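Residue strings, one per chain:
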Amino acid sequence: ICFSTEYVARNKSQDSGIAEMEELPVPHNIKISNITCDSFKISWEMDAKSKDRITHYFIDLNKKENKNSNKFKHKDVPTKLVAKAVPLPMTVRGHWFLSPRTEYTVAVQTASKQVDGDYVVSEWSEIIEFCTADYSKVHLTQLLEKAEVIAGRMLKFSVFYRNQHKEYFDYIREHHGNAMQPSVKDNSGSHGSPISGKLEGIFFSCSTEFNTGKPPQDSPYGRYRFEIAAEKLFNPNTNLYFGDFYCMYTAYHYVILVIAPVGSPGDEFCKQRLPQLNSKDNKFLTCTEEDGVLVYHHAQDVILEVIYTDPVDLSLGTVAEITGHQLMSLSTANAKKDPSCKTCNISVGR
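So, here is what we can say about the structure in this document. Values in this document were obtained by computation on a predicted structure and should not be read as measured data.

### Observations regarding helix α2 (residues 166-175)
Every buried residue of α2 is accounted for by Tyr168, Phe169 and Ile172. End-on, the buried residues of α2 take up no more than an arc of 95 degrees, which puts them together on one face. Facing away from the buried side of α2, by more than 90 degrees, are the exposed residues Glu167 and Glu174. Contact partners of the buried residues in α2: β12 (159-164), β13 (179-180), β16 (224-229) and β24 (318-321). A positive backbone phi angle near 60 degrees is found at Gly177, which sits one or two residues after α2.

Following this line, the structure appears as structure tokens:
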């Protein structure tokens, strides 16, 4: 984690009602460590002079864009975070203000509580900048468990498909030797997702219409569709991972799954960051063998977005124009997750 420091002089008149004394040591050389999506450790150095008078630390935590907000707006609420003077490093955990993958600034004051309840405080420290981490596997497992609750029954399917404009497929043939290339996933879905802006892959769908058992004829992503037999992407030589669970202020929910060939760079990326699913037995997408033939099922009540992490040659499937409509309103490109939905949010942030 990279962070920078800057010193900001503050007008003491802003801090009216709280006594200022030079005797209390000013924190310096602040260090942030052990950063997670909703916690961090903070430590600093300070002169030994008057150190034994310190009873509290005031920690001013701001999202980076708000770092110039006034301190001490009210005497009775001296700062966003008041902590008893404990041995350093001190852990800041589960604070309502902390969200994943968000830039913050933090500054520290030492304080001595007086008999009348007022505080004597030091000058503010320099300001430190840091960024919280992505969801860990523990947090993603919580999302996974929430998604399992609403996944619904499993429906049979036989193909993965990818809709794009005709120009996309023409470009692939001309410039990429007929092979669709992985690209970096956008920022749609949960803000703390470790795959957003990092994992490279190709998006596929596998949803089927309940009455036909075939892919729907409408799509938000283009009038041309590449279809490929399910076993060419999902088989005993691939691993399956849970990536995300979200909605976009709608009644229906999306689950992102990742299929990665065993031992591939995508597989190594996911192994470190995502919960792995049993390909034969999970609530979302399964590959089982019946009478020597691979059989595939997908969850009915969530919309699956499947990311395949390796290039895919167009010769492995077919490209054809769909007969339905291009429903742009259903696109999830860079879509923001609804932070108020109780079905698909966990308590550590958004």
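Further notes follow.
### Comments concerning the pairing of strand β15 (residues 200-204)
Looking down a regular strand, the side chains alternate between one sheet face and the other. As paired strands, strand β14 (residues 183-184) and β15 are joined by 2 bridges and run antiparallel to one another. Paired with Val184 across the two strands is Glu200, which belongs to β15. Two strands pair when backbone bridges link them, and β15 and strand β22 (residues 303-308) are joined in this way by 3 bridges, in the antiparallel orientation. Along β22, the bridge assignment pairs Phe204 with Val306.

### Quick word on the sheet that holds β12
The strand order across the open sheet built from 3 strands is β12-β16-β24, with neighbouring strands paired in antiparallel fashion. With partners counted over all chains shown, the strands left at the sheet margins are β12 and β24, one partner each. Taking each pair of neighbouring strands and ignoring which way they run, the sheet shows an average axis angle of 25 degrees. The pairing of β12 with β16 spans 6 bridges and is classified as antiparallel. Across the sheet, residue Val159 finds its bridge partner in β16, namely Ala229. Helix-sheet contacts for α2 involve β12, β16 and β24, and the interaxial angle to β12 is about 105 degrees.

### Looking at the side chain of Gln109
Within the element layout of this structure, Gln109 appears in strand β8 (residues 103-113). Among the polar contacts made by the side chain of Gln109, one reaches the main-chain carbonyl oxygen of Ser122 at a distance of 2.9 Å.

### Comments concerning unusual backbone geometry
Keep in mind that most residues, glycine aside, have a negative phi and that most peptide bonds are trans. That bond from Leu88 to Pro89 is cis: its omega, 0 degrees, falls within 30 degrees of zero. With respect to the helices and strands, Pro89 occurs in the loop between β6 (81-84) and β7 (90-93). Backbone geometry places Arg101, a non-glycine residue, at a positive phi of 45 degrees. Position of Arg101 among the secondary structure elements: in the loop between β7 and β8.

Calculation notes
Residues numbered from 1 in each chain as written. Predicted model: local features only at pLDDT ≥ 70, side-chain atom pairs only at ≥ 80, totals over all residues. Heavy atoms only, no water. Buried < 20%, exposed > 50% of the residue type's maximum accessible area, 1.4 Å probe, protein only. Helix = DSSP H or I, 4+ residues; strand = E, 2+ residues; numbered from the N terminus. Arc of directions from axis to C-beta. Contact = heavy atoms within 4.5 Å. Pairing = 2+ DSSP bridges. Axes fitted to C-alpha atoms, helices over the stretch in contact; angles between N-to-C directions. Polar contact = N/O pair within 3.5 Å; in protein donor to acceptor, adjacent residues only side chain to side chain.

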